[in-house]
Amino acid sequence: MNLTIDNVSVSIGSQQIVQDVSLHVRQNQFVGLIGPNGCGKSTLLKSVSKLLEPKTGVITLGDENVQDLSHKQLAKILGVVGQFHEVNFDFSIRDMLLLGRSPYKGLMERDNALDYEIVEKVLLQMDLEKMADRSFLSLSGGEKQRVILGRTLVQQPKFLVLDEPTNHLDIKHQLSILRTVASLPIGVLAALHDLNLAARFTDYLYAMKDGRIIKEGRPEEVLTEAVIQELYEVECRTYINPISGKKAIEFL
């Protein structure tokens, strides 16, 4: 399923946060969104997930205008992992993952054998099987992040939106999660903070500053010393990692 964002602007109150942004994600493509804090990345992603309504422009998933879909219809095709996961109730990890099957359930419909089969597969995929009965509220921030991504995978979406998916994760699980995401046979749009991870895992990048896209292209085209200086106001050196063959960044 493709995602198309066409000349979208988003305002919160009287402040325009996103200004005339257009981007496209194809089926099976992992697209990254980079830029400094406050540049509009999270606001743009919230408009894709229908948490915010664009002031102008259109967002389509496949042939459907996101704003025309009910929340249940959208949940069957779009999975979303945000930055913050505070909840006021306590479930086990397994039960948290089972919530990902909710879009497919009628009122009072119980979980079935297929639901449990999907959950057990994702527990293994996310390295959560040994802690499946632990309380969600007892987890660290990184563990919660893995559970929330797991719940989203249980949802079996046709497109995935991620806002800083490696927040709070140790290096092992940063790599594991991005490998998992990159291997999914669906389109992915992710806001990423770590530029070296963006260079390693994404197929295409959009660089955002002050609510606008200032550069787009393959990671090696976008992650130049000049663009990084413009985005983050820091000096760096870029080179090709001889092991991965990918662009890498060293900050000075």
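Relevant structure appears above.
Quick notes on the rules
- Residues numbered from 1 in each chain as written.
- Predicted model: local features only at pLDDT ≥ 70, side-chain atom pairs only at ≥ 80, totals over all residues.
- Heavy atoms only, no water.
- 1 Å grid on protein atoms, 1.4 Å probe; cavity = no way out; pocket = protein on both sides within 12 Å on 5 of 7 lines; lining within 4 Å.
- Points joined across faces, edges and corners; volume = space filled by probe spheres on them.
- Nonpolar A, V, L, I, M, F, W, Y, C, P; charged D, E, K, R; others polar.
- Pairing = 2+ DSSP bridges.
- Helix = DSSP H or I, 4+ residues; strand = E, 2+ residues; numbered from the N terminus.
- Axes fitted to C-alpha atoms, helices over the stretch in contact; angles between N-to-C directions.
- Contact = heavy atoms within 4.5 Å.
- Buried < 20%, exposed > 50% of the residue type's maximum accessible area, 1.4 Å probe, protein only.
- Salt bridge = Lys/Arg side-chain N within 4 Å of Asp/Glu carboxyl O.
- Lys, Arg positive; Asp, Glu negative; His and termini not counted.

**Student:** Even after reading the chapter, I still don't get the layout of surface pockets, so can you show me in this structure?
**Tutor:** Any empty space left between the atoms is revealed when a probe the size of a water molecule rolls over them. The volume enclosed by the second largest pocket comes to roughly 300 Å³. If you go around the second largest pocket, the residues you meet are E117, I118, K121, V122, Q125, L153, Q156, P157, L184, P185 and I186. Of the residues contributing to the lining of the second largest pocket, the split by class is 7 nonpolar, 2 polar and 2 charged.

**Student:** Just to check I follow, could you spell out the sheet that holds strand 10 (residues 212-217) for this structure?
**Tutor:** Sheet strands pair by backbone hydrogen bonding; their relative direction is either parallel or antiparallel. Strands sit in the order 6-7-8-3-9-10 across an open sheet of 6 strands; the sheet is mixed. Strand pairing shows two members of the sheet lacking a second neighbour, strand 6 (78-81) and strand 10, which therefore form its edges. Neighbour-to-neighbour, the strand axes of this sheet turn through a mean angle of 15 degrees, independent of strand direction. Sheet topology places strand 3 (residues 30-34) next to strand 9 (residues 204-209); 4 bridges connect them, and they run parallel. Bridge assignment links V31 to a residue of strand 9, and that residue is Y204. In the packing of helix 9 (residues 225-232) onto the sheet, contacts are made with strand 3, strand 9 and strand 10, and the angle to strand 9 comes to roughly 40 degrees.

**Student:** For this particular structure, what's the right way to read the environment of L184?
**Tutor:** Looking at the element boundaries, L184 is found in the loop between helix 6 (171-183) and strand 8 (187-191). Residue classification places L184 among the buried residues on the basis of a relative accessible area of 14%. Placed 127 residues apart in sequence, L184 and G57 show a C-alpha to C-alpha distance of 29 Å. Not counting residues within four places of it along the chain, the set of residues in contact with L184 comprises L153 and L160.

**Student:** Can you walk me through the pairing of strand 8 in this structure?
**Tutor:** With 5 of 5 residues buried, strand 8 lies mostly within the body of the structure. As paired strands, strand 3 and strand 8 are joined by 4 bridges and run parallel to one another. When the sheet's bridge partners are listed, F30 is paired in strand 8 with V188. Both strand 7 (residues 159-163) and strand 8 contribute to a ladder of 5 bridges, which runs parallel.

**Student:** Looking at this structure, I do not really get the pattern of salt bridges. What am I missing?
**Tutor:** Note that side chains of opposite charge can pair when their charged atoms are close. Enumeration according to the criterion identifies 10 salt bridges in this entry. Put simply, R218 and E220 hold a salt bridge, and the shortest N to O gap is 3.0 Å. By relative accessible area, E220 is classed as partly exposed at 39%. Via salt bridges that share partners, R94, E120 and D133 belong to a single interconnected network.

**Student:** Quick question: what am I supposed to make of the side chain of K41 here?
**Tutor:** Relative to the elements of secondary structure, K41 occurs in helix 1 (residues 41-48). Look at K41: it is buried, it has no salt bridge, and the nearest opposite charge is E164 at 4.5 Å.

**Student:** Even after reading the chapter, I still don't get the sheet that holds strand 2 (residues 15-25), so can you show me in this structure?
**Tutor:** Within the open sheet, the 4 strands sit side by side as 2-1-4-5. Their pairing is antiparallel. With partners counted over all chains shown, the strands left at the sheet margins are strand 2 and strand 5 (64-65), one partner each. Pairing geometry for strand 1 (residues 3-12) and strand 2, over 7 bridges, is antiparallel. Within strand 2, the position partnered with I12 by the bridge is Q15. Packed onto the sheet, helix 1 meets strand 1, strand 2 and strand 4 (56-61) and runs at close to 115 degrees relative to strand 1.

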